[in-house]
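Structure at a glance
Residue strings, one per chain:
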Amino acid sequence: MVINHNLMSAGAYYQSKKTASRKAKTSERLASGYRINRAADDAAGLSISSKMRAQIRGLNKANENVQDGISFVQIGEGGMQEVHDILQRIRELSVKAANDTNALEDRAAIQSEIDALCTEINEIAYKTSFNEHYMLCGGSGGAAGGGGGTGAVLDPAVSDALSKRVTYGGSGSDTMYSAIYNPDGTIVFCGHTTSADQDLDVPGSAAGTQNGWVTKVGTDGEILWTTKVDGGRKNFNSVTATADGGYLAAGGDTGHPLLTKLDADGNVAWTYEFQGSVSDTHVNNAFLMQDGSGNVLLSIQTFDYNNIKDGNGSPLGGPALGGRDTIMMVIDPSVDPNTDYNAFEKKAYRVGGSSNEQISKLYPTSDGGYIGGNYTTSKNISQSNNDGTVNRPPVNIVGNGSHEAFITKFDKNGDVEKVLLFGDNSPGHNSGEGISQIIETSSGEYLVVGQAEITDTVGTNAPSLEESRGKNIWVMKLDKNLTPIWSRSYGSSKGDSGQCVVETANGFVIAGTVGAMDGEVTPKPGHSGDNAWVFMIDKDSGDMIWDEVHGGSGTDSFTFIFEDGNGDILLGGNSSSDDQDLTDKNKGGRDAWFLKLDGKTGGNVQASGGGTGGSSSFNNHSICLQVGPKAGTHFRIDYADMRTSAVFGENAVLSVMSQKDADKAMILCDRAIDYVSRQRVRYGAYQNALEHVYNANANTSENTTTADSRLADADIADEMVEFSCTKILEQMNHTVMSQANAANQTALQLLEGGT
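These lines cover the structure that appears in this document, whether it is placed above or below. No experiment lies behind these values; they were computed from the predicted model shown.

1. Some words on the overall build of the protein chain
For the protein chain, the count of helices and strands is seven helices and 33 strands. Considering the protein chain as a whole, with its 755 residues, one finds that 50% of them fall into the buried category. Contacts in the protein chain between residues at least 24 apart in sequence constitute 63% of all its contacts with a sequence separation of at least 6. Total accessible area on the protein chain stands at roughly 31400 Å², and carbon and sulfur atoms take up 50% of it.

This is the structure:
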């Protein structure tokens, strides 16, 4: 008999511990109702269940947000309904006032009621709110309203960012490409025109012929002089002031680079065309050099290999490098090249590689040099000089694109100092980068503006869903060594193009064209097609501060931008619209277009645009509802503008003091009723969409809860069977251990008996 080891009892004790553990787990499941109470129960199941529970709670909270959004929309739509009713009453009164049986005092009484009703429209706009969100006053915030009646309906308490709109042109097609801002506040712009009337009724060819066009305008937008250069098919891409107080316009004429020297009054001093054989050569830029010499730095685009000639009949700019080269020249504009070409040309060389390059929008740098760029499809960038030598400047390549941004830094002598190629055309990455303008910032860095076909954060491997919209406006910040600091994109779901940028005290203001009213663009009712867009970004982060759409239902764009020294922003571009911002301003076809924005009041604060880590916060012109359990599941509700300035139109006058005035008032009311109807339809669509979102969230939450229940909930019947089983086993284990211990008592009895 073994007495040192009670093997029977030890075995029963081991099984008893296992049974107790099983019973404890079963008891926990019965008490909690869950099958999984800790990771050890089911590690994979716990992970899945935790995600499901986060989704369920997020969906339930999102539906609370949706209900708040529905309440927001219902309050806004209710306010618009009241405005609708008031407009119907104003129209009714206008119909009554149009009848000449009314005496003057009768019409005065009607006018008094209309004035009061207009005031009430503004009161509704400024006081309709949900939790301090004033959704009917265009995002200007709650404020005392007023206005209407015999004066302008535009509410004087609200400052419009726009202080001036002017168009230039005639009945043909008139296009502005570039401009300079003179120290005295005047502006000289250039382009081409096919008009011969209105603003273009000046000496030149007949209507329908494309002429080079240069115009100088004063500080109030008045035309000081206009010059047309006729013959062939001329176009000016760039203009620069010259040391003698005149101007040099640069462009092309049926495939030949073109230069025209103008005196201070716009009179043509001389015109010169470089000869060649291919039809796509032109001068991109003309920029007065900073060395005090009075010389001008030119950038000439050519696909002409060695066929483009200088004034002596020799190839211009040295040996061709291949494909589309850029020819850089330094010239003396005080010399007529037609009479003394050798004194006119100071330097000429080519920049490029084995494929195609273009350099545009030269900009001065603080070291006396220049910076410019556009695109390249080459990697082996060289400077080929007209003396036959070839220089290879330092080239920094970021990415590996087939069509890249091409940034060139020139020294004070106009020679290439360094080059940056920037872009990535790998699968799933961006392609087609192009540059419109580069400026040096007040901190000595560089800001690049252009466009890119973006599917990720430009030049990085980090994908950004906010940038998967095709061609967007692209902005990049570089340090002094042309090393990228950050890269961002902004725009809409359709083709966008950034054209120009200026630095102000509050940020960088960028202008160009957008193709749709979505993305980072604050929608503007009545605008369609390509729209002129201007926005401000933070100097350090690139986050958007405000944005504005200008133009109408036609094609509108911005091509230049300046700050006038008083904080106001000067913009210029082209427009074919004759409605919205340009009602009664279109002169026929496409016009050059000039705007002046009040930099102190301008802008709609808007969402951050693209880039690395761009947020999706919205402004006081819209609200963003979190309608799903995950980041980025947003629903945007844009504010409506029910102020009289929006309902009737800026500067509109509601007067019924004569039959003619009453007729005009009826027309204004018809337009206003249509405007409010469109806004109500939009809010109705918001409510319907939110109700569908609510139902979808509720359905998803219910189904996910069911799935989580199947995964994590305990089956009480099974657990009760298990509990009963373990309880019986526990009792049996106690019995076995008792009997095993009793067996050892026999040995003790033997010992006691022996004594």
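Moving on from the model shown.
2. Examining helix H3 (residues 104-127)
Taking 1.5 Å of rise per residue, the 24 residues of H3 would be expected to cover 34 Å, and the 35 Å separating its terminal C-alpha atoms lies within 8% of that figure. Where the residues of H3 are buried, they touch helix H2 (43-97), helix H5 (644-647) and helix H6 (659-712).

3. Some remarks on the sheet that holds strand E26 (residues 508-514)
Pairing between the strands of a sheet is mediated by backbone hydrogen bonds and can be parallel or antiparallel. Overall, antiparallel pairing links the four strands, which are arranged E25-E26-E27-E28 in an open sheet. Two strands close off the open sheet at either side, each with one partner strand: strand E25 (497-503) and strand E28 (544-550). Across the sheet, the mean angle from the axis of one strand to that of its neighbour is 20 degrees, orientation sign disregarded. By the bridge criterion, six bridges tie E25 to E26 in an arrangement that is antiparallel.

4. Here we look at the sheet that holds strand E5 (residues 223-229)
Pairing is antiparallel in the open sheet, where four strands are placed in the order E2-E3-E4-E5. In this open sheet, the two edge strands, each paired with only one partner strand, are strand E2 (174-181) and E5. Between one strand axis and the next, the sheet turns by 20 degrees as a mean value, whatever way the strands run. The sheet contact formed by strand E3 (residues 187-193) and strand E4 (residues 211-217) spans seven bridges and is antiparallel. Looking across to E4, one finds that Ile-187 is bridged to Val-217.

5. Description of unusual backbone geometry
Despite not being glycine, Thr-254 shows a phi value in the positive range, around 50 degrees. In the Ramachandran plot, Leu-482 falls in the positive-phi region, its phi being about 65 degrees despite a non-glycine side chain.

6. Structural notes on the pairing of strand E33 (residues 634-638)
In terms of residue burial, E33 counts as a mostly covered element, since four of its five residues are buried. Pairing between strand E32 (residues 622-626) and E33: five bridges, direction antiparallel. From the neighbouring strand, Leu-625 faces E33, where its bridge partner is Phe-635.

7. Some details on the environment of Ile-537
For Ile-537, the location among the structural elements is in strand E27 (residues 531-537). Each C-alpha atom, one on Ile-537 and one on Ile-510, is 7.9 Å from the other, the two residues being 27 residues apart in sequence. The contact partners of Ile-537, leaving out residues within four places of it in the chain, are Val-475, Trp-486, Tyr-490, Gly-507, Phe-508, Ile-510, Gly-542, Asp-543, Met-544 and Ile-545.

8. A short note on the packing of aromatic side chains
With the rule as written, the count across this model stands at 19 aromatic pairs. Consider the rings of Tyr-272 and Phe-344, whose centres lie 6.2 Å apart with planes at 50 degrees: the pair is tilted. Pair noted here: Tyr-272 is in strand E9 (residues 268-273) and Phe-344 is in helix H4 (residues 341-344), with a separation of 72 residues, a long-range link. Per residue, the accessibility class of Tyr-272 equals that of Phe-344, and both read buried. One aromatic cluster in this structure is built from Trp-270, Tyr-272, Phe-274, Tyr-341 and Phe-344.

9. A few points about the nonpolar core
By size, the foremost hydrophobic cluster in this structure holds 48 residues, and its most contacted members are Leu-87, Ile-90, Ile-637, Met-642, Phe-648, Tyr-683 and Leu-690. Looking at this core, the elements with two or more residues in it are H2, H3, E32, E33 and H6. Broken down by element, the residue count for this core peaks at twelve residues, all from H6. Core analysis: the next-biggest nonpolar cluster, separate from the first, contains 20 residues, Ala-250, Leu-298, Leu-316 and Ile-331 among them.

10. Here we look at the pattern of salt bridges
Inspection of the entire model under this criterion finds 21 salt bridges. In this structure, Glu-92 and Arg-89 form a salt bridge, with 3.1 Å as the shortest nitrogen-oxygen distance. Separated by three residues within a single helix, Glu-92 and Arg-89 lie in helix H2, roughly one turn from each other. Between Asp-415 and Lys-347 there is a salt bridge, and its shortest N-O distance comes to 3.1 Å. On the criterion of sequence distance, the pair formed by Asp-415 in the loop between strand E19 (404-410) and strand E20 (416-422) and Lys-347 in strand E13 (residues 345-352) is long-range, its members being 68 residues apart.

11. Digging into the packing of H2 against H3
One way to put it is that H2 packs onto H3 with a least axis distance of 10 Å and a crossing angle of 165 degrees. One element, H2, and the other, H3, form an angle in the roughly antiparallel class. Here the hand of the crossing between H2 and H3 comes out left-handed. Where H2 approaches H3, its residues Gly-79, Glu-82, Val-83, Ile-86, Leu-87, Arg-89, Ile-90, Leu-93, Ser-94, Lys-96 and Ala-97 are matched on the opposing element by Arg-107, Ile-110, Glu-113, Ile-114, Leu-117, Cys-118, Glu-120, Ile-121 and Ile-124. Its residues assigned to classes, the contact of H2 with H3 comprises twelve nonpolar, two polar and six charged.

Each value, and the rule that gives it
Residues numbered from 1 in each chain as written. Predicted model: local features only at pLDDT ≥ 70, side-chain atom pairs only at ≥ 80, totals over all residues. Heavy atoms only, no water. Helix = DSSP H or I, 4+ residues; strand = E, 2+ residues; numbered from the N terminus. Buried < 20%, exposed > 50% of the residue type's maximum accessible area, 1.4 Å probe, protein only. Contact = heavy atoms within 4.5 Å. Areas by Shrake-Rupley, 256 points an atom, 1.4 Å probe, with all protein chains shown as cover. Expected span 1.5 Å × (residues − 1). Pairing = 2+ DSSP bridges. Axes fitted to C-alpha atoms, helices over the stretch in contact; angles between N-to-C directions. Phe/Tyr/Trp six-rings, centres within 6.5 Å; stacked < 30°, edge-to-face > 60°. Core = buried A, V, L, I, M, F, W, Y, C linked by side-chain atoms within 4.5 Å. Salt bridge = Lys/Arg side-chain N within 4 Å of Asp/Glu carboxyl O. Parallel < 35°, antiparallel > 145°, perpendicular 65-115°, else oblique. Left-handed = near helix turned anticlockwise from the far one by under 90°. Nonpolar A, V, L, I, M, F, W, Y, C, P; charged D, E, K, R; others polar.

The values reported here are purely geometric and, on their own, carry no functional implication.
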